[in-house]
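Per-entry structural report
Listed below, chain by chain, are the residues.
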Amino acid sequence: MRELSLNVMDIVQNSISAGAKLVEIDVYEDANSLIIKIADNGCGMTAEQTAHVTDPFFTTRTTRKVGLGIPLFKMEAEMTGGSLAIESEKGAGTVVTARFIPSHVDMIPLGDINSTVLLLITCNEDRDFTFRHCVDSREFTLDTRELRAVLGDEVRLSSPDVIEWIKGYLSEQTQIIKEESSDEVFSGTSGD
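Here's a quick rundown of the structure. Quick caveat, the model's predicted, so the values are computed rather than measured.

What to know about the overall build of the chain
Regarding its fold elements, the chain presents six helices and six strands. What you see in the chain, going N to C, is helices and strands ordered as α-β-β-α-α-β-β-α-β-β-α-α. The proportion of buried residues among the 192 residues of the chain is 42%. Expressed as a percentage of contacts within the chain between residues at least 6 apart in sequence, the contacts between residues at least 24 apart total 61%.

Details of the packing of helix H1 (residues 4-17) against helix H4 (residues 113-123)
Two elements in contact, H1 and H4, have axes separated by 9 Å at closest approach and are oriented at 25 degrees. The pairing of H1 with H4 is recorded here as roughly parallel in orientation. Between H1 and H4 lies a crossing of right-handed hand. From H1, Ser-5, Val-8, Met-9, Val-12 and Gln-13 reach across to H4, where they touch Ile-113, Thr-116, Leu-119 and Leu-120.

Comments concerning the environment of Ala-47
Mapped onto the elements of the fold, Ala-47 is located in helix H2 (residues 47-52). Residue classification places Ala-47 among the exposed residues on the basis of a relative accessible area of 67%. Residues Ala-47 and Glu-87 lie 40 residues apart in sequence; the distance between their C-alpha atoms is 9.0 Å.

Here we look at the sheet that holds strand E6 (residues 138-143)
Here we have six strands laid out as an open sheet, ordered E3-E4-E2-E1-E5-E6, and mixed in their pairing. The open sheet terminates on both sides in strands that have one partner only, identified here as strand E3 (83-89) and E6. Neighbour-to-neighbour, the strand axes of the sheet open up by a mean angle of 10 degrees, direction not taken into account. By the bridge criterion, six bridges tie strand E5 (residues 128-135) to E6 in an arrangement that is antiparallel. Its bridge partner being in E6, Cys-134 is matched across the sheet by Glu-139. Sheet contacts for helix H3 (residues 69-79): strand E2 (34-40), E3 and strand E4 (93-100); angle to E4, the most-contacted strand, approximately 30 degrees. On the sheet, H4 packs against strand E1 (22-29), E5 and E6 and is oriented at approximately 170 degrees with respect to E5.

Some remarks on H3
For the α-helix, the turn length of 3.6 residues means that residues three or four positions removed from each other point alike. Of all the positions in H3, only Gly-69, Ile-70, Pro-71, Phe-73, Glu-76 and Ala-77 are classed as buried. Tucked inside the fold, the buried residues of H3 contact H1, E2, E3 and E4. Remark: Gly-81 follows H3 within two positions and exhibits a positive phi of approximately 90 degrees.

Focus: the packing of aromatic side chains
By convention here, two paired aromatic rings are described through the distance between centres and the angle between planes. The full count for this structure, using the stated rule, is four aromatic pairs. Taking 5.9 Å as the distance between ring centres and 75 degrees as the angle between the ring planes, the aromatic pair formed by Phe-131 and Phe-140 counts as edge-to-face. In this structure, Phe-131 and Phe-140 share a single accessibility class: buried. Judged by centre distance (5.1 Å) and plane angle (10 degrees), the ring pair of Trp-165 and Tyr-169 falls under stacked. Here Trp-165 and its partner Tyr-169 are both found in helix H6 (residues 160-187), four residues apart, which amounts to about one turn of the helix. Members of the aromatic cluster, joined through ring pairs, are Phe-131, Phe-140, Trp-165 and Tyr-169.

What counts, and at which threshold
Every chain begins its residue count from 1, and numbering advances along the sequence as written. Two thresholds apply to this predicted model, a pLDDT of at least 70 for residue-level local features and 80 or more for giving and counting side-chain atom pairs, whereas whole-chain, interface and lining totals are computed over all residues. Note: side-chain values were computed over all heavy atoms of the structure, leaving out hydrogens and water. Secondary structure follows DSSP: runs of H or I at least 4 residues long count as helices, runs of E at least 2 residues long count as strands, and numbering of each begins at the N terminus. Per-residue accessibility, obtained with a 1.4 Å probe over protein chains only, is compared with the maximum for each type, and a residue is labelled buried under 20%, exposed over 50%, and partly exposed between these values. Here, residues are in contact when the closest pair of their heavy atoms is within 4.5 Å. Simply put, an axis is a line fit to the C-alpha atoms, just over the touching stretch for a helix, and the angle between two N-to-C directions goes from 0 to 180 degrees. Here roughly perpendicular refers to angles of 65 to 115 degrees, roughly parallel to angles under 35, roughly antiparallel to angles over 145, and oblique to all remaining angles. Should the near helix be turned counterclockwise from the far one by less than a right angle, the crossing is left-handed, whereas a clockwise turn marks it as right-handed. For two strands to be treated as a pair, DSSP must find no fewer than two bridges joining them. The aromatic pairing rule takes the rings of Phe, Tyr and Trp, using the six-membered ring of Trp, and pairs them if the centres are within 6.5 Å, calling planes under 30 degrees apart stacked, those over 60 edge-to-face and the rest tilted.

Now the structure itself:
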(Lines give C-alpha, C1' and ligand atoms only; values in the text may rest on other atoms or scores of the structure.)
Protein backbone atom coordinates (compact mmCIF):
# COMPACT_ATOMS: atom_id res chain seq x y z
CA MET A 1 0.00 0.00 0.00
CA ARG A 2 1.26 3.47 -0.78
CA GLU A 3 -0.08 5.14 2.35
CA LEU A 4 -0.22 3.86 5.90
CA SER A 5 -3.73 5.28 6.27
CA LEU A 6 -4.89 2.60 3.81
CA ASN A 7 -3.36 -0.07 6.06
CA VAL A 8 -5.31 1.46 8.94
CA MET A 9 -8.53 1.15 6.95
CA ASP A 10 -7.80 -2.50 6.17
CA ILE A 11 -7.06 -3.39 9.78
CA VAL A 12 -10.14 -1.56 11.04
CA GLN A 13 -12.21 -3.50 8.51
CA ASN A 14 -10.81 -6.66 10.14
CA SER A 15 -11.99 -5.30 13.50
CA ILE A 16 -15.45 -4.66 12.12
CA SER A 17 -15.57 -8.17 10.62
CA ALA A 18 -14.61 -9.48 14.07
CA GLY A 19 -17.74 -7.86 15.51
CA ALA A 20 -16.09 -4.86 17.18
CA LYS A 21 -18.54 -2.22 18.35
CA LEU A 22 -15.72 0.14 19.40
CA VAL A 23 -12.49 0.74 17.49
CA GLU A 24 -9.78 3.02 18.84
CA ILE A 25 -7.24 4.47 16.40
CA ASP A 26 -4.21 6.22 17.89
CA VAL A 27 -1.49 7.93 15.87
CA TYR A 28 1.60 9.17 17.72
CA GLU A 29 4.22 11.20 15.84
CA ASP A 30 7.53 12.66 16.92
CA ALA A 31 10.92 13.18 15.34
CA ASN A 32 12.04 9.61 16.05
CA SER A 33 8.96 7.48 15.49
CA LEU A 34 5.45 7.11 14.13
CA ILE A 35 3.29 4.73 16.13
CA ILE A 36 -0.09 3.56 14.90
CA LYS A 37 -2.23 1.62 17.36
CA ILE A 38 -5.59 0.07 16.53
CA ALA A 39 -7.56 -1.50 19.38
CA ASP A 40 -10.98 -3.13 19.20
CA ASN A 41 -13.46 -4.94 21.38
CA GLY A 42 -14.23 -7.59 18.76
CA CYS A 43 -14.21 -11.36 19.19
CA GLY A 44 -10.42 -11.51 19.53
CA MET A 45 -8.18 -14.40 18.57
CA THR A 46 -6.76 -17.46 20.24
CA ALA A 47 -3.03 -17.57 21.02
CA GLU A 48 -2.54 -19.86 18.02
CA GLN A 49 -4.36 -17.47 15.66
CA THR A 50 -2.40 -14.52 17.02
CA ALA A 51 0.89 -16.35 16.45
CA HIS A 52 0.02 -17.00 12.80
CA VAL A 53 -1.75 -13.76 11.85
CA THR A 54 1.38 -12.26 10.24
CA ASP A 55 1.59 -15.20 7.81
CA PRO A 56 -0.04 -14.11 4.52
CA PHE A 57 -1.29 -17.66 3.93
CA PHE A 58 -3.15 -17.78 7.24
CA THR A 59 -6.59 -16.21 7.37
CA THR A 60 -9.81 -16.87 9.21
CA ARG A 61 -11.80 -15.52 6.26
CA THR A 62 -13.73 -17.94 4.11
CA THR A 63 -13.97 -15.54 1.15
CA ARG A 64 -10.30 -15.87 0.17
CA LYS A 65 -7.30 -17.99 1.05
CA VAL A 66 -4.80 -15.25 1.85
CA GLY A 67 -4.80 -12.27 4.17
CA LEU A 68 -2.28 -9.56 3.34
CA GLY A 69 -3.32 -6.66 5.60
CA ILE A 70 -1.37 -7.50 8.75
CA PRO A 71 1.63 -9.04 6.92
CA LEU A 72 2.01 -5.91 4.75
CA PHE A 73 1.67 -3.60 7.76
CA LYS A 74 4.36 -5.63 9.55
CA MET A 75 6.66 -5.58 6.53
CA GLU A 76 6.24 -1.81 6.09
CA ALA A 77 7.09 -1.21 9.76
CA GLU A 78 10.09 -3.54 9.73
CA MET A 79 11.43 -2.01 6.48
CA THR A 80 11.97 1.21 8.43
CA GLY A 81 13.63 -0.52 11.38
CA GLY A 82 10.36 -0.53 13.29
CA SER A 83 8.16 -3.33 14.54
CA LEU A 84 4.62 -4.69 14.78
CA ALA A 85 3.02 -6.25 17.86
CA ILE A 86 -0.35 -7.94 18.21
CA GLU A 87 -2.12 -8.64 21.46
CA SER A 88 -5.41 -10.48 21.40
CA GLU A 89 -7.67 -12.38 23.73
CA LYS A 90 -10.55 -14.54 22.60
CA GLY A 91 -13.77 -12.74 23.47
CA ALA A 92 -12.02 -9.51 24.52
CA GLY A 93 -10.59 -7.92 21.37
CA THR A 94 -7.34 -7.20 19.62
CA VAL A 95 -4.65 -4.51 19.73
CA VAL A 96 -2.32 -3.98 16.76
CA THR A 97 0.63 -1.62 17.34
CA ALA A 98 3.03 -0.68 14.55
CA ARG A 99 6.13 1.45 15.08
CA PHE A 100 7.84 3.15 12.15
CA ILE A 101 11.08 5.16 11.93
CA PRO A 102 10.13 8.24 9.84
CA SER A 103 13.72 9.15 8.93
CA HIS A 104 14.28 5.80 7.18
CA VAL A 105 14.51 5.88 3.37
CA ASP A 106 11.83 3.16 3.09
CA MET A 107 9.27 5.07 5.16
CA ILE A 108 5.85 5.16 3.49
CA PRO A 109 3.87 8.36 4.12
CA LEU A 110 1.04 8.32 6.65
CA GLY A 111 -1.26 9.70 3.97
CA ASP A 112 -4.67 11.21 4.57
CA ILE A 113 -5.51 9.63 7.92
CA ASN A 114 -8.27 12.19 8.51
CA SER A 115 -10.17 11.10 5.39
CA THR A 116 -9.71 7.47 6.37
CA VAL A 117 -11.18 8.11 9.81
CA LEU A 118 -14.04 10.14 8.34
CA LEU A 119 -14.87 7.36 5.89
CA LEU A 120 -14.76 4.70 8.59
CA ILE A 121 -17.09 6.71 10.84
CA THR A 122 -19.64 7.61 8.19
CA CYS A 123 -19.75 4.17 6.56
CA ASN A 124 -20.06 2.25 9.85
CA GLU A 125 -22.71 4.12 11.81
CA ASP A 126 -23.49 1.07 13.90
CA ARG A 127 -19.97 1.23 15.42
CA ASP A 128 -18.17 3.73 17.60
CA PHE A 129 -14.70 5.08 16.97
CA THR A 130 -12.17 7.11 18.86
CA PHE A 131 -9.36 8.77 16.97
CA ARG A 132 -6.44 10.26 18.88
CA HIS A 133 -3.67 12.07 17.03
CA CYS A 134 -0.57 13.15 18.93
CA VAL A 135 2.32 15.15 17.52
CA ASP A 136 5.10 15.52 20.08
CA SER A 137 3.27 16.68 23.22
CA ARG A 138 0.17 18.04 21.42
CA GLU A 139 -2.92 15.96 20.79
CA PHE A 140 -6.60 15.91 20.01
CA THR A 141 -9.31 13.26 20.18
CA LEU A 142 -12.53 12.65 18.27
CA ASP A 143 -14.96 10.23 19.93
CA THR A 144 -18.18 9.26 18.15
CA ARG A 145 -19.81 8.43 21.49
CA GLU A 146 -19.47 12.09 22.46
CA LEU A 147 -20.88 13.17 19.09
CA ARG A 148 -23.87 10.85 19.50
CA ALA A 149 -24.53 12.26 22.99
CA VAL A 150 -24.65 15.80 21.60
CA LEU A 151 -26.55 14.99 18.39
CA GLY A 152 -29.11 12.61 19.87
CA ASP A 153 -30.76 9.73 18.07
CA GLU A 154 -32.41 11.82 15.37
CA VAL A 155 -29.20 13.05 13.68
CA ARG A 156 -27.06 10.50 11.84
CA LEU A 157 -23.27 10.65 11.68
CA SER A 158 -23.56 10.28 7.89
CA SER A 159 -25.73 13.38 7.47
CA PRO A 160 -24.04 16.00 5.25
CA ASP A 161 -23.80 18.64 8.01
CA VAL A 162 -22.21 16.19 10.44
CA ILE A 163 -19.77 14.90 7.81
CA GLU A 164 -18.74 18.48 7.05
CA TRP A 165 -18.28 19.24 10.75
CA ILE A 166 -16.17 16.10 11.36
CA LYS A 167 -14.05 16.86 8.30
CA GLY A 168 -13.49 20.45 9.43
CA TYR A 169 -12.74 19.43 13.02
CA LEU A 170 -10.15 16.84 11.98
CA SER A 171 -8.48 19.25 9.57
CA GLU A 172 -8.42 22.16 12.03
CA GLN A 173 -7.14 20.10 14.96
CA THR A 174 -4.44 18.43 12.85
CA GLN A 175 -3.25 21.82 11.65
CA ILE A 176 -3.14 23.14 15.22
CA ILE A 177 -1.09 20.27 16.63
CA LYS A 178 1.31 20.26 13.70
CA GLU A 179 1.79 24.06 13.77
CA GLU A 180 2.36 24.13 17.52
CA SER A 181 4.84 21.28 17.20
CA SER A 182 6.80 22.96 14.40
CA ASP A 183 6.73 26.27 16.31
CA GLU A 184 8.49 24.51 19.20
CA VAL A 185 11.14 23.09 16.87
CA PHE A 186 11.83 26.44 15.19
CA SER A 187 11.93 28.39 18.43
CA GLY A 188 14.28 25.83 20.00
CA THR A 189 11.93 25.07 22.87
CA SER A 190 10.88 21.63 23.94
CA GLY A 191 7.46 22.63 25.23
CA ASP A 192 8.48 22.21 28.89
